[in-house]
Each structure stands twice: as structure tokens, then as C-alpha cells.
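Topology and contacts: notes
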Amino acid sequence: MGSNFLGDVGGGAGGRSSSIISGSELVAREGMELQKSMNFRDSYGRLAVFLVLKREEGFKDEWDEDSDVYKFEGHDSTTTEAGKSRDHIAMYPDGKLSDNGKFLKAAGEFKDTLRKEPLQVQVYEKLDPGVWFDKGIFNLVDAAHVKEGARKVYKFYLNPAGTREGQQSDEQFAERMM
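Given the structure is predicted, the values throughout are model-derived calculations rather than measurements.

**Regarding the packing of aromatic side chains**
Taken as a whole and assessed by the stated rule, the structure comprises 7 aromatic pairs. Consider the rings of Phe50 and Phe72, whose centres lie 3.9 Å apart with planes at 15°: the pair is stacked. Pair noted here: Phe50 is in strand β3 (residues 48-52) and Phe72 is in strand β5 (residues 69-73), with a separation of 22 residues, a long-range link. Plain terms: the ring middles of Phe50 and Phe156 are 6.4 Å apart, the flat faces sit at 55° to each other, and that makes the pair tilted. Taken together, the positions of Phe50 in strand β3 and Phe156 in strand β8 (residues 151-160) put the pair 106 residues apart, joining distant regions of the chain. Taking the relative accessible area as the measure of exposure, Phe50 reaches 0% and is therefore buried. The structure contains a cluster of three or more aromatic residues connected by ring pairs, namely Phe40, Phe50, Phe72, Phe103, Tyr154 and Phe156.

In C-alpha cells:
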């Protein structure tokens, strides 16, 4: 089942369902239970997935209207006691890439033209427990490790892509950026 990309909140034309979906519909669409905000996939026609959580939960994702760039903040430490007090990491001590590292590598490969097409990322925003908003597909075009307060965090820069069904209207684009 393809994403609807804000075509008709509340039903209507094209037979597409609402952009507001339940947690169970999100799982059905993505074919797996998503337990973290960054889910790297780059094969078999499956898109990587970002889950945007509420600002009250400490996440600082933002939309820049002037540049049409969505800035997504990477993963915090996986240790509960460290959480937001540690710098984001790209690699674990054993040499394995963290989720930040996987997305950083994909962005770098595109920027350095080692990758012809940017990694495509499906973005969903959490509205309430079990309620999600389908923001659509974005292209991962860049990443940076930036100073934010007392620590360094990864920022991932995404440009809106078209849709799985084709191009979107200006109205659809404006609604998905709300």
C-alpha cells in the first residue's frame, strides 16, 4: 500500500485514504514495528523511515521555508543515563555504524556523487499516542555534526521529493509542511 501524501484528508478524490493514520496502519504500510525514530533501509524498494516526535519530548526537528529543507535531528545515546547529555555518535566502539552513521554515510555518498540518487526517507509525525501524520517522502541530501548547547548532534537535511504516485500540488506540499 503506497503512502497518500496528503491528497485528501478526510477522504475524497483518487481513492486515497487520509494522511492521518493509526499506529497499526503505519506498521502495515512499513511492514515492520518501528521502535525508534530513525529506521535505515536502502534495499528491496523499501524506504528508510524517520518518525518525528513531539517537541515536548526534546526533539528539535524543523522546516526551513526559505530553503525548502527539513532538518531532522539524529539519535541520542542509547544509554538511559546519558541520553541528551552525550554527543551523538556515528560509530559504536566495536566499529559498527550507529543509525546516525548509516544516514551520515548515505548523505555523504550522495554529496560526493558516489551515489547517483539521494536516499529516500518516508517521514511520519507523531500527533498523539497511536496517531501519526504522513508527511511524505523526502530526499536525504546532506548531514552535519553541529554544536548545540554543550554537545554535538547530527542534523540531517532533507528536501521534499515527489510522491510514490507522481507529483504533488502546491496545496499538498503546503499541508505536509504544517
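Still to come is the rest of the account.
**What about unusual backbone geometry?**
Positive phi outside glycine occurs at Asp68, with the angle close to 55°. Under the relative-accessibility criterion, Asp68 is labelled partly exposed at 34%. Of note, Thr113 is a non-glycine position whose phi angle comes to about 60°, a positive value. Mapped onto the elements, Thr113 comes out in the loop between α2 (99-111) and β6 (119-128).

**Digging into the nonpolar core**
Membership of the largest hydrophobic core comes to 20 residues, with the highest contact counts inside it found for Phe50, Phe72, Phe103, Val121, Leu140, Phe156 and Leu158. Within the residue set of this core, elements represented by two or more residues are β3, β5, α2, β6, β7 (131-148) and β8. The contacts of Val121, once residues within four sequence positions are left out, are Ala48, Val49, Phe50, Phe103, Gly136, Ile137, Phe138, Leu140 and Leu158. Ranked by size, the runner-up nonpolar core spans 7 residues in total, among them Ile21, Leu34, Leu51 and Trp132.

**Quick look at the pattern of salt bridges**
Where side chains of opposite charge bring their charged atoms close, a pairing between them can arise. If you walk through the whole model with that rule in mind, you get 11 salt bridges. Here Glu30 ties to Arg41 by a salt bridge, and the two come within 2.6 Å at their closest N and O atoms. A residue pair is termed long-range when its members are at least 10 positions apart, and Glu30 in helix α1 (residues 23-30) and Arg41 in the loop between β2 (38-39) and β3 qualify at 11 residues. For the pair Glu30 and Arg41, a shared accessibility class is recorded, and that class is buried. Overlapping salt bridges bring together Glu73, Glu148, Arg151 and Lys155 as one network.

**What to know about the pairing of β7**
With 3 bridges joining them, strand β1 (residues 20-22) and β7 adopt antiparallel strand pairing. Of the residues in β7, the one forming a bridge with Ile21 is Trp132. One ladder, built from 9 bridges, connects β6 with β7; its direction is antiparallel. Pairing of Tyr124 across the sheet is with Asp134, part of β7. Where β6 hands over to β7, the hairpin turn is made up of 2 residues, of which Gly130 adopts a positive phi near 75°. Bridge count for β7 against β8 is 10 bridges, and the pairing is antiparallel. In the strand pairing of β8, Ala144 is matched with Lys155. In textbook terms, the turn of a hairpin is the stretch between consecutive antiparallel strands, and for β7 and β8 this stretch comprises 2 residues, one of which, Gly149, has a positive phi near 70°.

**Observations concerning the environment of Phe156**
In this structure Phe156 comes out as buried when scored by relative accessible area, which is 0%. Residues Phe156 and Phe72, 84 residues apart in the sequence, show an inter-C-alpha distance of 5.0 Å. Those residues in contact with Phe156 that sit more than four places away from it in its chain are Met38, Phe50, Tyr70, Lys71, Phe72, Gly74, Asn100, Phe103, Leu104, Leu140, Asp142 and Ala143.

**Describing α1**
Of all the residues in α1, the buried ones are Glu25, Leu26, Arg29 and Glu30. One side of α1 holds all its buried residues, which, seen down the axis, span an arc of 125°. Facing away from the buried surface of α1 by more than 90 degrees, the exposed residues are Ser24 and Ala28. Buried positions along α1 lie against β1, β3, β6 and β7.

Reading the values: the criteria
Residues numbered from 1 in each chain as written. Predicted model: local features only at pLDDT ≥ 70, side-chain atom pairs only at ≥ 80, totals over all residues. Heavy atoms only, no water. Phe/Tyr/Trp six-rings, centres within 6.5 Å; stacked < 30°, edge-to-face > 60°. Helix = DSSP H or I, 4+ residues; strand = E, 2+ residues; numbered from the N terminus. Buried < 20%, exposed > 50% of the residue type's maximum accessible area, 1.4 Å probe, protein only. Core = buried A, V, L, I, M, F, W, Y, C linked by side-chain atoms within 4.5 Å. Contact = heavy atoms within 4.5 Å. Salt bridge = Lys/Arg side-chain N within 4 Å of Asp/Glu carboxyl O. Pairing = 2+ DSSP bridges. Arc of directions from axis to C-beta.

Structural measurements only, silent on function.
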